[in-house]
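Residue-level structure breakdown
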Amino acid sequence: MKPATLRVKRDIYERTRQKMLDDQLIARGITQNEVLHAMLTVPRHLFVAEALHSQAYTDYPLPIGEKQTISQPYMVALMTESLGLTGAERVLEIGTGSGYQTAILSMLVEKVYTIERISVLAAKARRLFDDLHCSNVIVRVADGTTGWPDEAPFDAIITTAGSPQVPSAYIEQLKTGGRLIIPVGDEESQKLLKITKRADGVTTEVLGGCKFVKLIGKHGWQAEKRESC
Ligand code: SAM
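Residues numbered from 1 in each chain as written. Predicted model: local features only at pLDDT ≥ 70, side-chain atom pairs only at ≥ 80, totals over all residues. Heavy atoms only, no water.

1. Side note on the site of the ligand
So the rule is basically this: If even one non-hydrogen atom of a residue comes within 4 Å of a molecule or strand, that residue is called near it. Counting of polar contacts relies on pairs of N or O atoms within 3.5 Å, with two restrictions inside protein: one atom must be capable of donating a hydrogen and the other of accepting it, and residues adjacent in sequence are counted only when both atoms are side-chain atoms. Note on areas: Shrake-Rupley, 1.4 Å probe, and residue coverage restricted to the protein chains presented here. Under the scheme used here, helices are H or I runs from DSSP no shorter than 4 residues and strands are E runs no shorter than 2 residues, and both carry numbers assigned from the N terminus. Note on residue classes: Ala, Val, Leu, Ile, Met, Phe, Trp, Tyr, Cys and Pro are nonpolar, Asp, Glu, Lys and Arg are charged, and everything else, Gly too, is polar.
Near the ligand lie 28 residues; those nearest to it are Ser-98, Glu-116, Asp-143, Gly-144 and Ile-216. One of the backbone N or O atoms of Gly-95 is found 3.5 Å from a nitrogen atom in the ligand. Here Gly-144 contributes a backbone N or O atom positioned 2.8 Å from a nitrogen atom of the ligand. Across the complex, the protein chains shield 99% of the 600 Å² of accessible surface that the ligand would expose by itself. Elements that contribute at least two residues to the shell around the ligand include exactly β2 (68-70), β3 (90-94), α4 (100-106) and β4 (111-116). Looking at the shell around the ligand, its residues break down into eleven nonpolar, twelve polar and five charged.

2. Brief notes about the packing of aromatic side chains
We apply this condition: Pairing of aromatic side chains here covers Phe, Tyr and the six-membered ring of Trp, requires ring centres within 6.5 Å, and sorts the geometry by plane angle: under 30 degrees stacked, over 60 edge-to-face, intermediate tilted. Throughout, exposure labels follow a simple rule: accessible area from a 1.4 Å probe, protein chains only, divided by the maximum for the residue type, with under 20% read as buried, over 50% as exposed, and the rest as partly exposed.
Considering all chains together, one arrives at four aromatic pairs under this definition. Arranged with centres 5.3 Å apart and planes meeting at 80°, the rings of Tyr-113 and Trp-148 form a pair that is edge-to-face. You can see Tyr-113 sitting in strand β4 and its partner Trp-148 sitting in the loop between β5 (137-141) and β6 (154-159), a full 35 residues away along the chain. We note that Tyr-113, like Trp-148, is buried. Consider the rings of Tyr-113 and Phe-154, whose centres lie 5.6 Å apart with planes at 65°: the pair is edge-to-face. On the criterion of sequence distance, the pair formed by Tyr-113 in strand β4 and Phe-154 in strand β6 is long-range, its members being 41 residues apart.

3. Here's the deal with the pattern of salt bridges
Cut-off, in case you're wondering: Basic side-chain nitrogens of Lys or Arg form a salt bridge, by our definition, when they fall within 4 Å of a carboxyl oxygen of Asp or Glu.
Across all of its chains, the model carries nine salt bridges by this definition. For Asp-59, the salt bridge goes to Arg-28, with nearest N and O atoms at 2.5 Å. Taken as a pair, Asp-59 in the loop between α2 (33-41) and β1 (62-65) and Arg-28 in the loop between α1 (14-25) and α2 lie far apart in primary sequence, 31 residues in all.

4. Examining the environment of Ser-54
By the element assignment, Ser-54 lies in the loop between α2 and β1. Distance from Ser-54 to Ala-161, taken between C-alpha atoms, is 25 Å for residues 107 residues apart in sequence.

5. Topic: the nonpolar core
Heads up, the rule is: The criterion is simple. A nonpolar core is a set of buried Ala, Val, Leu, Ile, Met, Phe, Trp, Tyr and Cys residues joined through side-chain atoms within 4.5 Å. Whether two residues are in contact is decided by their heavy atoms: any pair within 4.5 Å suffices.
The biggest cluster of nonpolar side chains holds 53 residues, and the ones touching the most others in it are Met-39 and Tyr-100. If you list the elements that add at least two residues to this core, you get α1, α2, β1, α3 (73-82), α4, α5 (119-132), β5 and β6. The residues contacting Met-39, other than those within four sequence positions of it, are Arg-17, Met-20, Leu-21, Leu-25, Pro-73, Val-76, Ala-77, Tyr-100 and Ile-104. Ranked by size, the runner-up nonpolar core spans 16 residues in total, among them Ile-94, Tyr-113, Phe-154 and Leu-174.

6. Description of the sheet that holds strand β9 (residues 201-210)
Here is the rule we go by: Strand pairing is assigned whenever DSSP detects at least two bridges linking the two strands. Note on definitions: angles span 0 to 180 degrees between N-to-C directions of axes, and those axes are lines fitted to C-alpha atoms, for helices only across the stretch in contact.
Ordered in space as β5-β4-β3-β6-β7-β8-β9, the seven strands form an open sheet in which the pairing is mixed. At either end of the open sheet lies a strand with only one pairing partner, and these are β5 and β9. Between one strand axis and the next, the sheet turns through 15° on average, direction left out of account. When strand β7 (residues 174-185) meets strand β8 (residues 190-198), the two strands line up antiparallel, connected through seven bridges. Along β8, the bridge assignment pairs Val-184 with Lys-191. Docked against the sheet, α3 engages β6, β7, β8 and β9, running at close to 15° with respect to β8.

7. Observations concerning the packing of α1 against α3
Each pair of packed helices can be summarised by the angle the axes make with each other and by the distance between the axes. Operational definition: Roughly parallel means an angle under 35 degrees; roughly antiparallel, over 145; roughly perpendicular, 65 to 115; everything else is oblique.
Two elements in contact, α1 and α3, have axes separated by 10 Å at closest approach and are oriented at 75°. Compared by their axis directions, α1 and α3 come out roughly perpendicular. The residues of α3 that touch α1, namely those facing Met-20, Gln-24 and Leu-25, are Pro-73, Tyr-74 and Ala-77. Broken down by class, the residue content of the contact of α1 with α3 amounts to five nonpolar, one polar and no charged.

As structure tokens, then:
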């Protein structure tokens, strides 16, 4: 399987997307052409409610319902570039959310396995993947803190929710040489970590500070009592 060729229609946000690239991504040091091309191609406004379309390309996260967010464009670009993708990878994503990060990955890798714990978000994202022909994406509704053992090992794992620690399953389910990008910290702020699995252990690089919604599950944060999943 190859990276997906998305089926996107022309839209009124083409210039806005280019401006997002120039002002938010290139200006902050994103350089990988494939990542920039994907961010220029994927119609980010389709991943938020219609009332938010005009804000979709601004420099901050936006609500997507269920108390969750679509990440800031720069954060999506930084996390994607940091995975060091070449096009041949099988990637596990934890936290499908709106599906925007997934759609970017689908243009850049062989196959994306994405897990979301909130079924209504997963269902919405699935519909968008069908509409846009993200043909190399598999979506699962589950607690992603245990990874996806049946499909492991992965070339790369990306977690788009903040965790109190690195779930051991992610390291176990990486190939040697594989990369994990994960925000780790408390509920208020986290450090974005890039962890590379080596034959003799792991190396960890801190990419910067960030603030993500919580990774909720067996090896993440506990769900609040009233949460359904
Ligand atoms: N990458 C997403 C996007 O582009 O829209 C943003 C994801 S949002 C910041 C984090 C997502 O992680 C939420 O949709 C949340 O429900 C999900 N999540 C939190 N804990 C999870 C878990 N244990 N397993 C799977 N998904 C989880």
